[in-house]
Every structure is written in structure tokens, then in C-alpha cells.
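What follows is the residue order along each chain.
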Amino acid sequence: DGLTPARCCPALGMLYNTNTLDAFKATDKKVLLEKEANEIWDAIQTGAALKNPSILCRFILLTFADLKKYHFYYWFCFPALCFPDGLKMIQPPVSLEQVFSPRQ
């Protein structure tokens, strides 16, 4: 909850740490992706992403560490939204120069 240091940006995401290699392999990665993608979509629809754009750049990290053998397993991803065909635009796109000043 502290301030972000200069030249840094916050990284939001979920860490799923499993206790066994079998649990790591059995984890349904598609369900994890859909859950995170739904959270991104909800942030867009509610307007929370306009207040805090870092919400849109989420990650997922699924891990298992075999500490006896020093073997480490991980699966890392950034979920992305795939929009359906026929998506309707509410208003035309606006260039950044029209929204922000040169200083911004």
C-alpha cells in the first residue's frame, strides 16, 4: 500500500503456489486465465480501469518448488482480452493529443 518508487510501476497479479507437482500439473490453467480476464473486463465495464489503469496489466504465476531436489516449476502469463466479432463502438477513437496536454 506504499507509494511506488520513481521509474517503477506497480504489478498486480495472482500467485498460485501448489504443494505437490501433481497439483501443479492438474491445475486448470484455462480457468485461471478466464478468472483474471473476467476481472480485467469487469474493471473496464465499471470504470475502475479509468481511475487506475495498472489494473489492466495483470499477471498470473502458478508455482511449485521441490525444495528437497531444488527443482522449481512455474507457469507465468499475462491474460489478454479477445473481443468478439461485431463489437459496437460507442464513440469514435480520439487521439492522445486531443485528450492530454504536451506536458502530460
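Residues numbered from 1 in each chain as written. Predicted model: local features only at pLDDT ≥ 70, side-chain atom pairs only at ≥ 80, totals over all residues. Heavy atoms only, no water.

Draft legend 1. The arrangement of the packing of aromatic side chains in detail. Going through the model one piece at a time under the given rule, you end up with 4 aromatic pairs. On the basis of an interplanar angle of 25° and a centroid distance of 5.6 Å, the ring pair of Phe59 and Phe76 is categorised as stacked. Remark: Phe76 occurs in strand β3 (residues 71-77) and Phe59 occurs in strand β2 (residues 58-66); sequence separation between them is 17 residues. Assessed through its relative accessible area of 18%, Phe59 is described here as buried. Taking the centre distance of 5.3 Å and the plane angle of 90° together, the rings of Phe76 and Phe78 count as edge-to-face. We classify Phe76 as partly exposed; its relative accessible area is 40%. Joined through ring pairs, the aromatic side chains of Phe24, Phe64 and Tyr73 make up one cluster. Its end group placed over the ring of Phe24, Lys29 keeps NZ or CZ at 5.7 Å from the ring centre. Over the ring of Trp75 we find Lys29, and its NZ or CZ is 5.9 Å from the ring centre. (Phe/Tyr/Trp six-rings, centres within 6.5 Å; stacked < 30°, edge-to-face > 60°. Helix = DSSP H or I, 4+ residues; strand = E, 2+ residues; numbered from the N terminus. Buried < 20%, exposed > 50% of the residue type's maximum accessible area, 1.4 Å probe, protein only. Lys NZ or Arg CZ within 6 Å of the ring centre and 35° of its normal.)

Draft legend 2. The pattern of salt bridges, seen in detail. Within the structure shown, the criterion is met by 2 salt bridges. Among the salt bridges present, the one from Glu36 reaches Arg58, with a minimum N-O distance of 2.8 Å. Of this pair, Glu36 sits in helix α2 (residues 29-46) while Arg58 sits in strand β2, and the two are 22 residues apart along the sequence. The same class applies to Glu36 and to Arg58, which are both buried. Its salt-bridge partner being Glu39, residue Arg58 comes within 3.0 Å of it at the nearest N-O pair. Of this pair, Arg58 sits in strand β2 while Glu39 sits in helix α2; the two residues are 19 residues apart in sequence, bridging distant segments of the chain. Classification of Glu39 by relative accessible area gives partly exposed; the value is 31%. (Salt bridge = Lys/Arg side-chain N within 4 Å of Asp/Glu carboxyl O.)

Draft legend 3. Structural view of the nonpolar core. Tyr16, Phe24, Leu32, Ile60, Leu62, Phe64 and Cys77 together form the largest nonpolar core, which totals 7 residues. The greatest single-element share of this core, amounting to 3 residues, is contributed by β2. Not counting residues within four places of it along the chain, the set of residues in contact with Tyr16 comprises Leu32, Lys35, Glu36, Ile60, Leu61, Leu62 and Thr63. (Core = buried A, V, L, I, M, F, W, Y, C linked by side-chain atoms within 4.5 Å. Contact = heavy atoms within 4.5 Å.)

Draft legend 4. Geometry of the pairing of β3. Direction of pairing for β2 relative to β3: antiparallel, over a ladder of 7 bridges. Bridge assignment links Thr63 to a residue of β3, and that residue is Tyr74. If you look at the hairpin formed by β2 and β3, you'll find 4 residues sitting between the two strands, and Tyr70 has a positive phi there, around 60°. (Pairing = 2+ DSSP bridges.)

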